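Summary of structural features
The lines below spell out each chain.
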Amino acid sequence: MLIDSYGRVVDYLRVSVTERCNFRCRYCMPEEGIENLGHQSVLSYEEMFEFIKICLDNGVTKIRLTGGEPLVRSGIENFIAMINGYKPGLDLAMTTNGFLLAKKAQALKDAGLKRLNISLDSLDPKKANFLARKDVLEHVLEGIKTACELGFGVKLNTVALKGVNDAELVELMDFAKSCNAQIRYIEFMENSHASGELKGLRKDDILGIICQKYNLKEITKSPNSPSSLFKLEDGYKFGIIDPHKHDFCATCNRLRLSAEGLLIPCLYYEDGKSIREAMRAGDIKKACEILREVIANKPEKNKWENDGKGEISSRAFYQTGG
Ligand code: SAM
Ligand code: SF4
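Residues numbered from 1 in each chain as written. Chains lettered and ligands numbered in written order. Predicted model: local features only at pLDDT ≥ 70, side-chain atom pairs only at ≥ 80, totals over all residues. Heavy atoms only, no water.

Considering the overall build of the protein
Definition in use: Working definition: helices are DSSP H or I runs of at least four residues, strands are E runs of at least two. Numbering for both runs from the N terminus. Between the two quantities, the radius of gyration covers C-alpha atoms and the globule rule is 2.2 Å times the number of residues to the power 0.38. For every residue, the accessible area obtained with a 1.4 Å probe (protein chains only) is divided by the maximum for its type, and the residue is called buried under 20%, exposed over 50%, and partly exposed between those limits. We call two residues in contact whenever any of their non-hydrogen atoms come within 4.5 Å of each other. Only the protein chains shown count as cover for residues, with accessible areas throughout obtained via the Shrake-Rupley method and a probe of 1.4 Å.
Check the secondary structure of the protein and you find 11 helices and 12 strands. The C-alpha atoms of the protein give a radius of gyration of 19 Å, which matches the 20 Å a tight globule of 322 residues would have. Principal axes of the C-alpha set define a box for the protein whose edges measure 55 × 45 × 40 Å. The 322 residues of the protein split such that 55% are buried. By sequence separation, contacts in the protein at least 24 residues apart represent 73% of the contacts at least 6 residues apart. For the protein, the accessible surface area stands at approximately 14,000 Å², while carbon and sulfur atoms represent 50% of it.

Some thoughts on the packing of helix H6 (residues 169–178) against helix H7 (residues 203–211)
Stated formally: A fitted line through C-alpha atoms serves as each axis, taken over the contacting stretch for helices, and the angle formed by two N-to-C directions is quoted from 0 to 180°. Orientation is classified from the angle alone, with under 35 degrees giving roughly parallel, over 145 giving roughly antiparallel, 65 to 115 giving roughly perpendicular, and any other angle giving oblique. Classes in brief: Ala, Val, Leu, Ile, Met, Phe, Trp, Tyr, Cys and Pro nonpolar; Asp, Glu, Lys and Arg charged; the others, Gly included, polar.
Between H6 and H7, whose axes approach to 9 Å, the crossing angle comes to 70°. On the basis of their axis angle, the class for H6 and H7 is roughly perpendicular. From H6, Leu169, Val170 and Met173 reach across to H7, where they touch Ile206, Ile209 and Ile210. Its residues assigned to classes, the contact of H6 with H7 shows six nonpolar, no polar and no charged.

Let's talk about the pattern of salt bridges
The test is simple: Take a side-chain nitrogen of Lys or Arg and a carboxyl oxygen of Asp or Glu: if they are within 4 Å of each other, that pair is a salt bridge.
This model, assessed by the stated rule, comprises 12 salt bridges. Here Arg280 and Glu47 are joined by a salt bridge, their closest N and O atoms 3.0 Å apart. Remark: Glu47 occurs in helix H1 (residues 45–57) and Arg280 occurs in helix H8 (residues 276–280); sequence separation between them is 233 residues. Take Glu47: its relative accessible area is 15%, and that puts it in the buried class.

Some details on the pairing of strand E3 (residues 91–96)
Put simply, the rule reads: Looking down the strands as they point away from the viewer, one classifies a crossover as right-handed if the path from the first strand across the helix to the second runs clockwise.
The element E3 is extensively covered by neighbouring structure, given that five of its six residues are classed as buried. One crossover worth recording links strand E2 (residues 62–66) to the parallel E3 by way of helix H2 (residues 76–86), and it is right-handed. Remark: the E3/helix H3 (residues 101–111)/strand E4 (residues 115–119) crossover connection has right-handed handedness.

Considering the UniProt feature "binding site: [4Fe-4S] cluster 2" (unreviewed entry) in the protein
Spelled out, the test is: UniProt positions are given in the numbering used here, feature names are shortened, and annotations may be inferred rather than shown by experiment.
Within this structure's numbering, the places UniProt gives as "binding site: [4Fe-4S] cluster 2" (unreviewed entry) are Cys249, Cys252 and Cys266. Their sequence span is 18 residues, while the largest C-alpha to C-alpha distance among them is just 9.3 Å; these annotated residues converge on one region. Leave out the neighbours within four places in its chain, and Cys252 touches Arg8, Val9 and Lys298. Residue class for Cys266 comes out buried when judged on its relative accessible area of 11%. Apart from the residues within four sequence positions on either side, Cys266 is in contact with Pro299, Asn302 and Arg315.

Listed below in structure tokens is the structure:
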């Protein structure tokens, strides 16, 4: 089992398979895109898989593939099949922008992927285009439809932004309900790669908007997640991810692996250690040592509060996978 120095059990690994992306979301990437890492810097699927096996053998029970956009890396379905073949029944999920999903969903399902979080910020084609800097909505909606038809567990992620999609938050929830999918509103996290003009809505603003149409019946807290769960009177559940609060750190169970092999113990902490050389040398003992060291040094709390006091995080979402 992987237990950090604060007694937290780390059993959830998020793997960013690529930094590349077919969108240029204003809250995540600069308009010109990012420098290509180059083939040599990125871990091969085999190298990632060898490391994932170590994690699975040490108590990790949940894996999420993310990016960048995971569906732009070719052979992703083979990678999923490798992981699933090692531990069939594993909680294996992906976060995607959905653009390529209609084409790939069946192959992902056949490979053993169980759940999908799909980003959907607007149902207005112009706004979706404004945010992604590309005409995306039609393909994304097709992707959501296909994923639901194939029986994936689907959640929709919506970054709530003032003056962009605040008037649509209820409509987005109604859409999610119609797909039988849980919507999770995400507070915008300021970072140095995002457009400076964006302003996020906070949890209370989001709840205020939802309450104009719906009564909230019950509130529960997800145990290991930065997401708070809410229930409408009709039983529909939705989430709000409010990282500006710190109360989820005490139960954080996450570890992140970047496409370049950086092992990151906390999303909001400029820290990490590379396993790339160890994996390339086939040195499993060394990789295990690095894993133990990173877990032992997992910080008690994220540094988001410091960022709020003037510093803006330089941690890129397209590197960590969110
Ligand atoms: N490309 C995939 C996608 O967009 O779903 C996966 C990677 S993306 C970095 C993962 C999640 O991070 C998405 O749901 C995205 O909306 C969210 N995200 C990116 N930048 C963010 C920011 N500045 N604040 C809050 N959420 C952000
Ligand atoms: Fe790409 Fe996802 Fe970042 Fe948007 S949020 S630019 S889809 S990695």
